[in-house]
Amino acid sequence: MFRIAIIGGENTMNYEMFKEKCIHYLRNKVKDGIIILTTGDEYVTHFAQKYKIDTQFYATKWRKYKNNALKMRNDELLSNTDAIIYFNDGIKDNMYLYNEALHRNIPSRIVNY
């Protein structure tokens, strides 16, 4: 099973472009089976539902981790992914995920718009 994190996207305000890029990057992984790791982006959820792809949601546990909640969520997500697709939406926390994936040598694709 191939575990892919898809980060960002809904700030593109262009679901068709988002969908096309996801299909492009995932087309060779379908035969292995895919699980999408997500932080809850609406575009990711819609895409996964439309194409009947299982998802694993990584929640931000503010009560448990307080100021470290985002870092803890992101570290957990990155520890469980085989690759990442990052839609560069300018959100600092999303950019952290992408940069940390690069630092950990996780195969990464960036989509600028």
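For the structure itself, look to the data block above.
Just so it is clear, the model here is predicted, and its values are computed rather than measured. (Residues numbered from 1 in each chain as written. Predicted model: local features only at pLDDT ≥ 70, side-chain atom pairs only at ≥ 80, totals over all residues. Heavy atoms only, no water.)

Colleague: Please clarify how the packing of aromatic side chains should be interpreted in this entry.
Modeller: Aromatic rings considered in pairs are described by the distance between their centres and by the relative angle of their planes. With the rule as written, the count across this model stands at seven aromatic pairs. Between Y15 and Y43, the aromatic rings sit 5.3 Å apart at their centres with planes inclined by 80 degrees, giving edge-to-face as the arrangement. Taken together, the residues Y15 in helix α1 (residues 15–26) and Y43 in helix α2 (residues 42–50) connect sequence positions 28 residues apart. Both residues of the pair, Y15 and Y43, belong to the buried class. Between F47 and Y51, the ring centres sit 5.0 Å apart and the planes meet at 45 degrees, which makes this aromatic pair tilted. Given a relative accessible area of 2%, F47 falls into the buried group. (Phe/Tyr/Trp six-rings, centres within 6.5 Å; stacked < 30°, edge-to-face > 60°. Helix = DSSP H or I, 4+ residues; strand = E, 2+ residues; numbered from the N terminus. Buried < 20%, exposed > 50% of the residue type's maximum accessible area, 1.4 Å probe, protein only.)

Colleague: Would you explain α2 in this entry?
Modeller: Each α-helix turn comprises 3.6 residues. Residues three or four places apart therefore point the same way. Listed as buried for α2 are Y43, V44, F47 and A48. Down the axis of α2, the buried set is contained in an arc of 130 degrees. They therefore lie on one face. Seen from the buried face of α2, the exposed residues on the opposite side, beyond 90 degrees, are E42 and Q49. Just downstream of α2, K52 is the residue with a positive phi angle, here 55 degrees. (Arc of directions from axis to C-beta.)

Colleague: Looking at this structure, I do not really get the layout of surface pockets. What am I missing?
Modeller: What the largest pocket holds in volume is close to 160 Å³. Around the largest pocket, the lining residues are F2, I4, Y25, L26, K29, A83, I84, I85, P107, S108 and R109. Counting only elements with at least two residues in the lining of the largest pocket, the list comes to β1 (2–7), α1, β4 (83–88) and β5 (108–112). Per element, the largest residue contribution to the lining of the largest pocket is three residues, and it comes from β4. In terms of residue class, the lining of the largest pocket is made up of eight nonpolar, one polar and two charged. (1 Å grid on protein atoms, 1.4 Å probe; cavity = no way out; pocket = protein on both sides within 12 Å on 5 of 7 lines; lining within 4 Å. Points joined across faces, edges and corners; volume = space filled by probe spheres on them. Nonpolar A, V, L, I, M, F, W, Y, C, P; charged D, E, K, R; others polar.)

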